[in-house]
Amino acid sequence: IAMVLVILDFDGTLIVRHTGGIYRGDALGFFGGAARLAELRRVLARLHQCATLYIVSRGLSSSVQRYLREAGLSAYFGRIYGVERAEQIAGSETAWANIKARTLDSIRRETGAHQIHFYDDTAVNVQIARAHGFSDSHIVNNKNDHESLIAQLQSLARMVCRFNM
């Protein structure tokens, strides 16, 4: 069975608003409310059966972990890549896109994954990931369409879980 990795950005992708990389409370609100959180939980549970899920974020790892715990989603994620200190969050969008692409490269080398699906709300992050050979990179949740991530993950689960179970 081929190892399938699903890598998600956090702010603006898994959650619907940007936290600035730090914990701000209101997990339910940041995840888009109870209905969206329930949908996320269902699709992540399904994907977790046949893929490994990671988060690559510009935010503090501890903040991302806290939000996931409070939302009841932490069990679905194998690893969270983020920064350890708040001062590391600063930097240009392009600089961060390159950091994310290098992190994806590192994950690919560490895991030997055959399929890597990357989802991010920032176009430059996806463009640079594609330039690094991550062709299954997708821009989601742009223009306040917060359901597009869920729809794309549902479609991915139908495809990947059918072949890897």
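Here, the structure is the one placed above.
All values derive from a computational prediction rather than experimental measurement.

Here the focus is the pattern of salt bridges. According to the stated counting rule, one finds eight salt bridges in the structure shown. The partner of Arg-66 in a salt bridge is Glu-70, and the shortest N-O contact between them spans 3.2 Å. Here Arg-66 pairs with Glu-70, and both are found in helix 4 (residues 61-71), just four residues apart, close to one helical turn. Glu-87 is the partner of Arg-85 in a salt bridge, and the nearest nitrogen-oxygen pair spans 2.9 Å. For Arg-85, a relative accessible area of 46% corresponds to the partly exposed category.

Okay, the packing of aromatic side chains next. Tallying each qualifying case throughout the model produces five aromatic pairs. Each ring, one from Phe-10 and one from Phe-31, has its centre 6.1 Å from the other, and the planes form 80°; the classification is edge-to-face. In this pair, Phe-10 sits in helix 1 (residues 10-14) while Phe-31 sits in the loop between helix 2 (27-30) and helix 3 (34-48), placing the two residues 21 residues apart along the sequence. As far as the burial class goes, Phe-10 and Phe-31 line up, both buried. Taking the centre distance of 4.8 Å and the plane angle of 45° together, the rings of Tyr-23 and Tyr-67 count as tilted. You can see Tyr-23 sitting in the loop between helix 1 and helix 2 and its partner Tyr-67 sitting in helix 4, a full 44 residues away along the chain. The ring of Phe-30 has Arg-17 sitting right over it, with the charged end atom 4.0 Å from the ring centre. In this arrangement the basic side chain of Arg-66 is found over the ring face of Tyr-23, its NZ or CZ atom lying 3.7 Å from the centre.

Moving on to the sheet that holds strand 5 (residues 137-139). If you walk across this open sheet you meet the five strands as 3-2-1-4-5, and the pairing is parallel. This sheet does not close on itself; its edge strands, each paired only once, are strand 3 (77-83) and strand 5. Within the sheet, the average angular offset between the axes of one strand and its neighbour, ignoring direction, is 20°. Across three bridges, strand 4 (residues 115-120) lies against strand 5 in parallel orientation.

This next bit is on helix 6 (residues 123-131). If you check which residues of helix 6 are buried, you get Val-124, Asn-125, Val-126, Ile-128 and Ala-129. Each element contacted by the buried residues of helix 6 is listed here: helix 5 (93-111), strand 4 and strand 5. Taken from the residues just after helix 6, Gly-133 is the one with a positive phi, measuring 95°.

Most of strand 4 is tucked away: five of the six residues are buried. Sheet analysis places strand 1 (residues 4-8) next to strand 4, joined by five bridges and oriented parallel. Residue pairing across strands places Leu-5 opposite Ile-116, the latter belonging to strand 4. Chirality of the crossover, the property in question, places the unit of strand 4, helix 6 and strand 5 among those that are right-handed.

Rules used throughout
- Residues numbered from 1 in each chain as written.
- Predicted model: local features only at pLDDT ≥ 70, side-chain atom pairs only at ≥ 80, totals over all residues.
- Heavy atoms only, no water.
- Salt bridge = Lys/Arg side-chain N within 4 Å of Asp/Glu carboxyl O.
- Helix = DSSP H or I, 4+ residues; strand = E, 2+ residues; numbered from the N terminus.
- Buried < 20%, exposed > 50% of the residue type's maximum accessible area, 1.4 Å probe, protein only.
- Phe/Tyr/Trp six-rings, centres within 6.5 Å; stacked < 30°, edge-to-face > 60°.
- Lys NZ or Arg CZ within 6 Å of the ring centre and 35° of its normal.
- Pairing = 2+ DSSP bridges.
- Axes fitted to C-alpha atoms, helices over the stretch in contact; angles between N-to-C directions.
- Contact = heavy atoms within 4.5 Å.
- Right-handed = clockwise from strand over helix to strand, strands pointing away.

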